[in-house]
Amino acid sequence: MPSSAPQPEQLHFSSDGRTPNSSHPVLVYRQLPLADNDYASAFENLFNSHLWPAQWRAGVYDYHHYHSTAHEVLGVSRGSARLMLGGEQGQEVEVKAGDALVLPAGTGHCQLSASDDFEVVGGYPVDQQYDLLRPDEGSHDEARARAQRVGVPVSDPVAGTQGVLVSLWREA
């Protein structure tokens, strides 16, 4: 990623008793300077090169969910959407092609609306396998403990080992 890569927005969410969220901030990169007009391939190459292998191309589920065993990167390859981050009482975020989001383990996310062509490329750090959980008071504490044990990746999926994720998440 060139040094001209934009600095990410940082969004902070705490547990709501149903969705664990994380002490690590969500990172939102806006309008990345991708060299290729094929954003999906460009995101796959970028994430793969930083040890966050791309695993799928699809939309975002339209129900609240989170992953307690892995961090996740979403690269918006086509279209636009309104997402809810941080759980049912979280924050609405608008994303469009060229944006990328890095969600620490435990962070709630849900698609509220999207253009017909909306697509994201999803990936996870090489040593992490994701689960899929819905907000729930009964499983919250166990899921939160699991999410807190997920290690900080060796690199930022967008900016590599010099990316802000590495230093920000080690501090949190």
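About the criteria used
Residues numbered from 1 in each chain as written. Predicted model: local features only at pLDDT ≥ 70, side-chain atom pairs only at ≥ 80, totals over all residues. Heavy atoms only, no water. UniProt positions renumbered as here; feature names shortened; annotations may be inferred. Helix = DSSP H or I, 4+ residues; strand = E, 2+ residues; numbered from the N terminus. 1 Å grid on protein atoms, 1.4 Å probe; cavity = no way out; pocket = protein on both sides within 12 Å on 5 of 7 lines; lining within 4 Å. Points joined across faces, edges and corners; volume = space filled by probe spheres on them. Nonpolar A, V, L, I, M, F, W, Y, C, P; charged D, E, K, R; others polar. Patch = residues over 30% accessible without salt bridge, like charges linked within 9 Å, V, L, I, M, F, W, Y side chains within 5 Å. Areas by Shrake-Rupley, 256 points an atom, 1.4 Å probe, with all protein chains shown as cover. Salt bridge = Lys/Arg side-chain N within 4 Å of Asp/Glu carboxyl O. Buried < 20%, exposed > 50% of the residue type's maximum accessible area, 1.4 Å probe, protein only.

(A) Spatial organisation of the UniProt feature "domain: Cupin type-2" (unreviewed entry) in the protein. UniProt records the feature "domain: Cupin type-2" (unreviewed entry) at residues 63-115, using the numbering of this structure. In residues 63-115, the share of helix is 0% and the share of strand is 55%. The end C-alpha atoms are 17 Å apart.

(B) View of empty space enclosed by the protein. Under the defined criterion, the tally for this structure stands at 1 cavity of 30 Å³ or more. Its boundaries defined by the atoms lining it, the largest cavity holds a volume of some 30 Å³. In terms of lining, the largest cavity is formed by H67, A70, H71, E72, L103, P104, A105, G106, T107 and H109. In terms of residue class, the lining of the largest cavity is made up of 4 nonpolar, 5 polar and 1 charged.

(C) Fine view of a nonpolar patch on the surface. Together, L51, V126 and V154 make up a nonpolar patch on the protein surface, roughly 270 Å² of accessible area in all. Judged by relative accessible area, V154 falls into the exposed class, the value being 52%.

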